[in-house]
Amino acid sequence: MLVLVAPGQGAQTPGFLTPWLELPGAADRLAAWSDAIGLDLVHYGTKADADDIRDTAVAQPLLVAAGLLSAAALGDDLRPGVVAGHSVGEFTAAALAGVLDDTAALRLVRTRGLAMADAAAIAPTGMSALLGGDPEVTVPHLEKLGLTPANVNGAGQIVAAGTLEQLAALAEDKPEGVRRVVPLKVAGAFHTHHMAPAVATLEQAAKELTPADPKVTYVSNKDGQAVATGTEVLARLVGQVANPVRWDLCMETFQALGATALIEACPGGTLTGIAKRALPGVATVALKTPDDLDAARTLVAEHTAV
């Protein structure tokens, strides 16, 4: 059974969309999406520097556009059994599942990025990755410091989020077994209560949408569970902004559903890296450039019918 996943913020790099624009129709599609959301996706995906694309309001729609573009390049034979996305990648997954059309997903994620950037500007907050350690020890330690385990990614990966003071305390007082605490270059404490203002903005925007029920199994970051209705998917997309990402539970569900292969949409690499450690025996392909499409098509052919 084939799983198709989409990465979250931080996966983007300068110029990463350049080779994808050489594919037939790709430039026209990106241009149309750019007009629809008022953001030059072609420029940011090809010419902008690292600081420009680190901007939350830019990075989020850019990542969703990249994921949709790369999935479309796999053609009509792409029929995954499960779709899921990490954080903002959930919007890519929602579009791939047919819950929202591409333009609606991009407009909503553009609103999300702007709202999260505004929320992050209210107070100095951030995120840090913890290298090593046992989650059963790490999570209580973070909570003692007032921090949120904002991303529980599996394979021992946890990202903490909170105020800069709380993160400084974490750097001085690491949980037992954690080798390093690495500050992340993000604008704020995503997936925590600090993002509550963004949730309110998204709730208003979501009222204008009419979601369809997923055409394939859609697995949610909230609890790793499959969601059967478009209404519930949309509600979770809104609420997830201020709640932790439980990618570890998503992978447990992939395994329980019988996953045999996993393709990560562009800019791939992060989620396949986690899967190689957490899902042994599951074949993986990360779509980084169009050169990876043939390997992905092989997985599609071999695992779609399983």
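Anything mentioned here points back to the structure above.
All residue numbers refer to position in the chain's written sequence, counted from 1. Per-residue local features are limited, in this predicted model, to residues with pLDDT of at least 70; the limit for side-chain atom pairs, both in listing and counting, is 80 or more; totals at the level of whole chains, interfaces and linings are taken over all residues. Each side-chain value is worked out from all heavy atoms of the structure, with water and hydrogens disregarded.

Undergrad: Just checking my understanding: could you explain the sheet that holds strand 7 (residues 217–219) for this structure?
TA: Sheets are built from strands that pair by backbone hydrogen bonding, the pairs being arranged parallel or antiparallel. Paired strands are those between which DSSP finds at least two bridges. Comment: elements are numbered from the N terminus, with helices defined as DSSP H or I runs of at least four residues and strands as E runs of at least two. Reading across the sheet, the 6 strands line up as 8-7-2-1-10-11 and stay open at both edges, with mixed pairing between neighbours. Unpaired on one side and paired on the other, strand 8 (226–227) and strand 11 (283–286) mark the two borders of the sheet. Pairing of strand 2 (residues 82–85) with strand 7 involves 2 bridges; the strand directions are parallel. Each bridged residue has a counterpart across the sheet, and for V82 the counterpart in strand 7 is T217.

Undergrad: So what exactly am I meant to see when it comes to the pairing of strand 4 (residues 148–154) here?
TA: Residues in a regular strand point their side chains to alternate faces of the sheet. Under the scheme applied here, a residue whose accessible area is under 20% of the maximum for its type counts as buried, over 50% as exposed, and between as partly exposed, the area being computed with a 1.4 Å probe on protein chains only. Where burial is concerned, most of strand 4 is hidden: 7 out of the 7 residues are buried. Where strand 4 meets strand 5 (residues 157–163), 5 bridges bridge the pair, whose relative direction is antiparallel. Within the sheet, the bridge partner assigned to N151 lies in strand 5 and is V159. Examined bridge by bridge, strand 4 and strand 9 (residues 245–246) share 2 bridges and lie parallel to one another. Within strand 9, the position partnered with V152 by the bridge is R246.

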